[in-house]
Amino acid sequence: MYLKTENKNECSGCTACKNICPKNAIKMVEDEKGFKYPKIDKEKCIECGACYRICPNIKKEEKNSIIEAYGVKHKDEKERITSRSGGVFVALSDYILGQGGVVYGVKQNKDFTVCHSRAENKEQRDEFKGSKYIQSDMNDIIKKVKQDLKENKKVLFSGTPCQVHAVKVSVPEKYQENLYTCDLICHGVPSEKIFKEFLKYIEATAGKKIKEFNFRDKRFGWETHYETSIFDDGTEISTQFFRNLFYGHNILRPSCYNCNYANTHRPADITIADFWGIENVAPEFLDKKGVSLTIINNEKGKKWFENVKQDLQIINCSIEDCIKYTYTLSNATPEGEQMEEFWKDYKQYDFKYIIEKYASK
Ligand SMILES: Cc1cc2nc3c(=O)[nH]c(=O)nc-3n(C[C@H](O)[C@H](O)[C@H](O)COP(=O)(O)OP(=O)(O)OC[C@H]3O[C@@H](n4cnc5c(N)ncnc54)[C@H](O)[C@@H]3O)c2cc1C
Ligand code: SF4
Ligand code: SF4
């Protein structure tokens, strides 16, 4: 495990070790590629071993197995248009908020970094809608989740599977009943450092400041992938540069190429994704506004989904079909063929060169 070996393939940056440390001796420190890893302050460490024991990379727990799968569209078109795929997350989180619970998810900050945050109402929750294709900063969010559960609140935690797993191993058994979890089918998380370079490049090329950024602009349709930068003078530009860098597979976190969650044993109660392949499974259900694949992983997820069905249009889907069209349910994303060359070039050349060589095709 990373804390002993410093092998970056073994650390998803989930922060479980940082959050369990009774002496606050662990900080997350960014490396030269922009990914954060735990660093132990030897002066503060009392060698209790809590950080080793909690690491989801080694901590074994009973694993779920897919029990049902559905194609889902939120009945409210506005919710669907403002969500990444079919808006199933809105329905799942509305249920928890309606029970007086709180929702944890990922929002974009004013400086375009992304982080996990806590929502007590729909307005705050709406900031979590839409996929932000970089790793979110979990900071001390696990502590907050535990505090809410101690206060007997229902809690929905949503995030990548490694983040959900970190929360689940960190919450004591006696508080698990009120914890509802939702993970994503995950392609991997690109480097935040490269994302910031990309934003600087767009600003320099346009000669204007970006005031808003959308990782995947649904005005172009659900299936296409354009990112949009809106400038402070109200003009905007839509590009595919960051999308191309993402799918080039050179800039993902090392653990993503070795992902422990690229399979059907999901850490969460419910898994959500874009329903790619819907045109083959149920063509009559396809439309440009988006369809969510919704996978039920255990009995708790099944009951939860039953309670939100009235907000959704639903079709049944076989487990074979959802595996067939969803690559990372059976394989981790492979390393890009030019990965080493990419990082060498990044050190040596300016970002215009990187965009032209790696992001323009
Ligand atoms: C990094 C990343 C990679 C993904 N890879 C795939 C993929 O390969 N295949 C696929 O089918 N779907 C993938 N998805 C999931 C997909 O984009 C949608 O989240 C899913 O279709 C749910 O749609 P919705 O309309 O219900 O979600 P929305 O309403 O758009 O809900 C967004 C949900 O995503 C969470 N979220 C947003 N950004 C992040 C982030 N950076 N880290 C963790 N959680 C985040 C929010 O907390 C919220 O729970 C990925 C998402 C992310 C963030
Ligand atoms: S607990 Fe998470 S952040 Fe800490 S070493 Fe393990 S994977 Fe990395
Ligand atoms: S690909 Fe795996 S390791 Fe990477 S962010 Fe997603 S779940 Fe975590």
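Each chain has its residues counted from 1, following the order in which its sequence is written. Chains and ligands are labelled sequentially in the order written, the chains with letters from A and the ligands with numbers from 1. Only residues with pLDDT of at least 70 are given local features in this predicted model, and only at 80 or more are side-chain atom pairs given and counted; all residues enter the totals for whole chains, interfaces and linings. As a rule here, side-chain values come from all non-hydrogen atoms in the structure, and water together with hydrogens is ignored.

### Notes on the pattern of salt bridges
For clarity, the threshold we go by: Any Lys or Arg side-chain nitrogen located within 4 Å of an Asp or Glu carboxyl oxygen qualifies as a salt bridge. Between buried and exposed lies partly exposed: a residue is buried under 20% and exposed over 50% of the maximum accessible area for its type, with that area taken using a 1.4 Å probe on protein chains only. Secondary structure counts use DSSP, requiring at least four H or I residues in a row for a helix and at least two E residues in a row for a strand, with both numbered from the N terminus.
For the structure on display, the rule yields 29 salt bridges. Of the charged contacts in the structure, one is a salt bridge between Arg 219 and Asp 217, with a shortest N-O distance of 2.6 Å. For Asp 217, a relative accessible area of 3% translates into the label buried. In this structure, Arg 219 engages Glu 236 in a salt bridge whose closest nitrogen and oxygen atoms are separated by 2.7 Å. Of this pair, Arg 219 sits in the loop between strand 8 (210-214) and strand 9 (227-231) while Glu 236 sits in strand 10 (residues 236-239), placing them 17 residues apart in sequence. Linked through salt bridges whose partners overlap, the residues forming this network are Glu 79, Asp 94, Lys 122, Arg 125, Asp 126 and Lys 129.

### Brief notes about the domain arrangement of the protein chain
To be explicit about the condition: Throughout, the edges of the domains are those of an automatic or database domain assignment. The criterion used for residue contact is that any of the two residues' heavy atoms lie within 4.5 Å. The quantity reported as buried area is the accessible area (1.4 Å probe) lost by two parts once they are put together, taken as the sum for both. Here a polar contact is taken to be a pair of N or O atoms separated by no more than 3.5 Å, where protein atoms must pair a possible hydrogen donor with a possible acceptor and residues adjacent in sequence count only if both atoms sit in side chains. Each residue receives one of three labels: charged for Asp, Glu, Lys and Arg, nonpolar for Ala, Val, Leu, Ile, Met, Phe, Trp, Tyr, Cys and Pro, and polar for the others, Gly being one of them.
Domain assignment breaks the protein chain into domain 1 (2-54), domain 2 (68-189 + 253-329) and domain 3 (192-251 + 333-359). Facing 32 residues of domain 2, the contacting portion of domain 3 comprises 26 residues. Summing the contributions of domain 2 and of domain 3, the shared interface buries around 2400 Å²; its carbon and sulfur component is 60%. Of all residues in domain 2, Phe 112, Tyr 133 and Tyr 257 give up the largest surface area on contact with domain 3, accounting jointly for 34% of the area buried on that side. Along the contact surface separating domain 2 from domain 3 lie 13 residue pairs in polar contact (both at pLDDT 80 or more). Residue composition of the side of domain 2 that touches domain 3, grouped by class: 14 nonpolar, ten polar and eight charged.

### Considerations on the packing of aromatic side chains
Applicable threshold: For this analysis, a ring pair means two rings from Phe, Tyr or Trp (six-membered ring only for Trp) whose centres lie within 6.5 Å, classed as stacked if their planes differ by under 30 degrees, edge-to-face if by over 60, and tilted for the remaining angles. Only lysine NZ and arginine CZ atoms are considered, and such an atom sits over a ring when it is within 6 Å of the ring centre and within 35 degrees of the ring normal.
Scanning all chains against the criterion turns up 21 aromatic pairs. Pairing Trp 222 with Trp 276 gives two aromatic rings, centres 4.8 Å apart and planes at 15°, and the pair type is stacked. A residue pair is termed long-range when its members are at least 10 positions apart, and Trp 222 in the loop between strand 8 and strand 9 and Trp 276 in the loop between strand 11 (270-274) and helix 11 (278-281) qualify at 54 residues. Through pairs of rings, three or more aromatic residues link up here, namely Tyr 133, Phe 195, Phe 198, Phe 213, Phe 215, Phe 242, Phe 246 and Tyr 247. Geometry around Tyr 37 places Arg 253 over its ring, the cationic atom sitting 4.4 Å from the centre.

### Details of the site of ligand 3
Threshold: In these notes, residues near a molecule or strand are those with any non-hydrogen atom within 4 Å of it.
The local shell around ligand 3 consists of Pro 161, Cys 162, Cys 186, Gly 188, Val 189, Ser 255, Cys 256, Cys 259 and Tyr 261. Residues belonging to the shell around ligand 3 are distributed by class as follows: seven nonpolar, two polar and no charged.

### Considerations on the site of ligand 2
All residues in the neighbourhood of ligand 2 are listed as Leu 3, Cys 11, Ser 12, Gly 13, Cys 14, Thr 15, Ala 16, Cys 17, Pro 38, Cys 55 and Pro 56. Looking at the shell around ligand 2, its residues break down into eight nonpolar, three polar and no charged.

### Points about the environment of Val 167
With respect to the secondary-structure elements, Val 167 resides in helix 8 (residues 161-170). Look at Val 167 and you get buried, because its relative accessible area is 0%. Through-space distance from the C-alpha of Val 167 to that of Met 339 is 31 Å; in sequence the pair is 172 residues apart. If sequence neighbours within four positions are ignored, Val 167 has contacts with Met 138, Ile 142, Val 145, Phe 157 and Leu 179.

### Here we look at empty space enclosed by the protein
Definition in use: The distinction between a cavity and a pocket rests on a 1 Å grid over the protein atoms alone: a 1.4 Å probe fits inside a cavity but cannot get out, while a pocket stays open yet meets protein on both sides within 12 Å along at least five of seven lines, and a residue with an atom within 4 Å of a point counts as lining. Grid points are joined across faces, edges and corners, and a volume is the space filled by probe spheres set on the points.
Tallied over the full model, the rule gives two cavities of 30 Å³ or more. Estimated volume of the largest cavity: approximately 170 Å³. Lining the largest cavity are 15 residues, with Lys 36, Gln 135, Ser 136, Asp 137 and Arg 253 positioned closest to its centre. Looking at the lining of the largest cavity residue by residue, the classes come out as four nonpolar, six polar and five charged. Here the lining of the largest cavity gathers at least three residues from each of two domains, domain 1 (2-54) and domain 2 (68-189 + 253-329).

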